[in-house]
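Next come the chains, spelled out residue by residue.
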Amino acid sequence: MAASTNIPLIMRIVSASIPVSTRAGRIIRDILKKGELGIVEKAKNDLQTEADRSAQRCIVASLHKQFPNVAIFGEEQLDPSEKFDPNFLETSSCDEVLTKKCPEFLTDAKDEDVVIWVDPLDGTSEYTQGLLDHVTVLVGIAFKGRAVAGVIYQPYYNYKAGPDSVLGRCIWGIIGVGSYGFSRQKAPKGQNIITTSRAHSDRIVTESVEACKPTSIIRAGGAGHKVLLIIEGKAHAYIFASRGTKKWDTCAPEAVLHALGGKLTDLHGNAMLYSADVQRKNSGGILATVDNHSWYTEKIPEHVKETLPSDPVPDFMKKLEKPLVIPEIKSSSSPVNSPPLESQDSQSEQWFMTKDVKAMFAPNSNSSNSDNGSEISPKKPKPNPES
Ligand SMILES: Nc1ncnc2c1ncn2[C@@H]1O[C@H](COP(=O)(O)O)[C@@H](O)[C@H]1OP(=O)(O)O
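Basis of the calculations
- Residues numbered from 1 in each chain as written.
- Predicted model: local features only at pLDDT ≥ 70, side-chain atom pairs only at ≥ 80, totals over all residues.
- Heavy atoms only, no water.
- Buried < 20%, exposed > 50% of the residue type's maximum accessible area, 1.4 Å probe, protein only.
- Helix = DSSP H or I, 4+ residues; strand = E, 2+ residues; numbered from the N terminus.
- Pairing = 2+ DSSP bridges.
- Core = buried A, V, L, I, M, F, W, Y, C linked by side-chain atoms within 4.5 Å.
- Contact = heavy atoms within 4.5 Å.
- Near = heavy atom within 4 Å.
- Polar contact = N/O pair within 3.5 Å; in protein donor to acceptor, adjacent residues only side chain to side chain.
- Areas by Shrake-Rupley, 256 points an atom, 1.4 Å probe, with all protein chains shown as cover.
- Nonpolar A, V, L, I, M, F, W, Y, C, P; charged D, E, K, R; others polar.
- Domains from an automatic or database assignment.
- Buried area = accessible area lost by both parts, 1.4 Å probe.
- Salt bridge = Lys/Arg side-chain N within 4 Å of Asp/Glu carboxyl O.

Would you mind showing me how to read the pairing of strand S7 (residues 169-174) here?
The side chains of a regular strand alternate between both faces of the sheet. With respect to burial, S7 is a largely interior element, six of its six residues being buried. By the alternation rule, side chains of S7 split into Arg169, Ile171 and Gly173 and Cys170, Trp172 and Ile174, which are all buried. In the sheet, strand S6 (residues 146-154) pairs with S7 via six bridges, with the strands oriented antiparallel. Residue pairing in the sheet places alanine 149 in a bridge with isoleucine 174 of S7. Connecting S7 to the antiparallel partner strand S8 (residues 178-180) that follows it, the hairpin turn spans three residues, and glycine 176 within it adopts a positive phi of roughly 95°.

The structure is reproduced here in structure tokens:
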């Protein structure tokens, strides 16, 4: 049953996104089982399958039905005339989320403050190659342009553990509430394990990883999966010196990581921005850590940073009132140790209030992009993201 509207919006969206992403995960498994993947090459090294398409239809239709006035952006551009099977609508809610107290800075979130970023199948390339634990479903929730909550469903979690194991798991997090659904582990002491892309690597990606002096490198698929490697202590940092990922790849993982005291930023250490009018590409690359974030940003070579500038600040961010500091999340409250590096991060996150939140939905003047994904934006103006 859908949650009561007395409950703050962000809590209701997270509560709904858990069964929705779980359902999408089932769709992904069913399609692979049938073996009819329907692979389309969207661009070089960028695949789409029937699982991406069907999972997105399920997620977007289900969330839109429950939150008709919230903007939703999905990775896949789908044919709107295609019939949607109403059996794939999921409108239940997760009670566990509703028992948690909504943090104060999110209690008054209105429909127009919120954008939902959907990657129905992160790790498509790995899905087609049978590297199934790299696959995740990502539903990220942004408030006033910043990632604040996320759901990561891993449909093939436990798939190697035998027929008696429960397949799939759901990880979720809300900044100020915490992150749930996984077992947090320490990254090994005395090492510096770095994870990066396996399918979208190049010389710059490798050079940037090497500059951070890894003791070992894990080349893995999916942004969601790589953030899980960090929060479960299998790696110390996720570094991707490329503009290949988009907002739907990072919004949910960023929020889950941030909710437990970690950080996901671009390679400069600057915040990712997720309002409706941002360019879709994460043009400044990705750096995700639980500890020592600034140590890594300092190690990234300057010439790499020059080729990967931070996202342009969208118009609405330029009209900000004074920055608002939100509760700092302490990673030290959980058993995570630092890599063998000298400095500790002490930067506190800054959050921003817009004078006029509607400005978030103003069209972006800078550029066009053939890979916009799909949009359900009740507040109209078509976002015009940059490539
Ligand atoms: N060059 C690229 N072209 C298309 N998608 C990319 C590219 N680089 C990264 N991505 C997307 O970012 C995610 C993380 O990248 P990687 O797995 O290479 O580390 C991928 O799962 C993929 O999303 P998706 O699988 O949803 O298409």
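Just to check I follow, could you spell out the nonpolar core for this structure?
What tends to happen in soluble globular proteins is that the nonpolar side chains get buried as a cluster. Core analysis: the biggest nonpolar cluster contains 51 residues, and Ile10, Val14, Leu63, Val114, Ile116, Tyr127 and Ile174 have the highest contact counts within it. Those elements giving two or more residues to this core turn out to be helix H1 (9-34), helix H2 (50-66), strand S4 (114-122), strand S5 (136-143), S6 and S7. Residue contributions to this core peak at twelve residues, all from H1. Leaving out residues up to four positions away in the same chain, tyrosine 127 has contacts with Ile28, Ile31, Leu32, Leu37, Thr49, Ala51, Leu121, Leu132, Val135 and Tyr156. Residues Phe73, Ile152, Tyr238 and Phe240 belong to the second largest nonpolar core, which totals 38 residues.

Quick question: what am I supposed to make of the site of the ligand here?
In the neighbourhood of the ligand, 18 residues make up the surrounding shell, with Gly123, Ser197, His200, Gly222 and Lys226 lying closest. In the model, an oxygen atom of the ligand is placed 3.2 Å from a nitrogen or oxygen of the leucine 121 main chain. Between the ligand and the protein, one listed contact pairs an oxygen atom with a side-chain N or O atom of histidine 200 at 2.5 Å. Coverage of the ligand by the protein amounts to 90% of the 520 Å² it exposes when considered alone. Take the shell around the ligand: its biggest share by element is three residues, from S4. Grouping the amino acids of the shell around the ligand by side-chain chemistry returns four nonpolar, eight polar and six charged.

What should I look at first to understand the pairing of strand S11 (residues 237-240) in this one?
Alternating positions in S11 separate into two faces, Ala237 and Ile239 on one and Tyr238 and Phe240 on the other, with burial throughout. Bridge analysis of strand S9 (residues 193-197) against S11 gives two bridges, and the strand direction is parallel. Residue threonine 195 lies in a different strand from S11, and its bridge partner there is tyrosine 238. In this structure, S11 lies alongside strand S13 (residues 286-289), joined through four bridges in antiparallel fashion. Pairing of alanine 237 across the sheet is with threonine 289, part of S13.

How should I be thinking about the domain arrangement of the chain in this particular structure?
Segmentation of the chain into domains returns domain 1 (9-183) and domain 2 (193-349). One C-alpha centre belongs to domain 1, the other to domain 2; they are set 21 Å apart. Each partner contributes to the roughly 3100 Å² buried at the junction of domain 1 and domain 2, and carbon and sulfur atoms together form 66% of this total. Considering only the side of domain 1, the residues that lose the most area to domain 2 are Trp117, Arg146 and Ile175, jointly responsible for 21% of the buried surface there. Our count for the domain 1 to domain 2 interface comes out at two salt bridges. The tally of links from domain 1 across to domain 2 stands at eleven residue pairs in polar contact (both at pLDDT 80 or more). Of all the elements in the fold, those that place two or more residues in the side of domain 1 that touches domain 2 are strand S3 (71-74), S4, helix H4 (124-128), S5, S6, S7 and S8.

I keep staring at the environment of glutamine 191 and nothing clicks. Help me out?
Mapped onto the elements, glutamine 191 comes out in the loop between S8 and S9. Classification of glutamine 191 as partly exposed rests on a relative accessible area of 30%. Expressed as a C-alpha distance, the spacing of glutamine 191 and tyrosine 296, which sit 105 residues apart in the sequence, is 14 Å.

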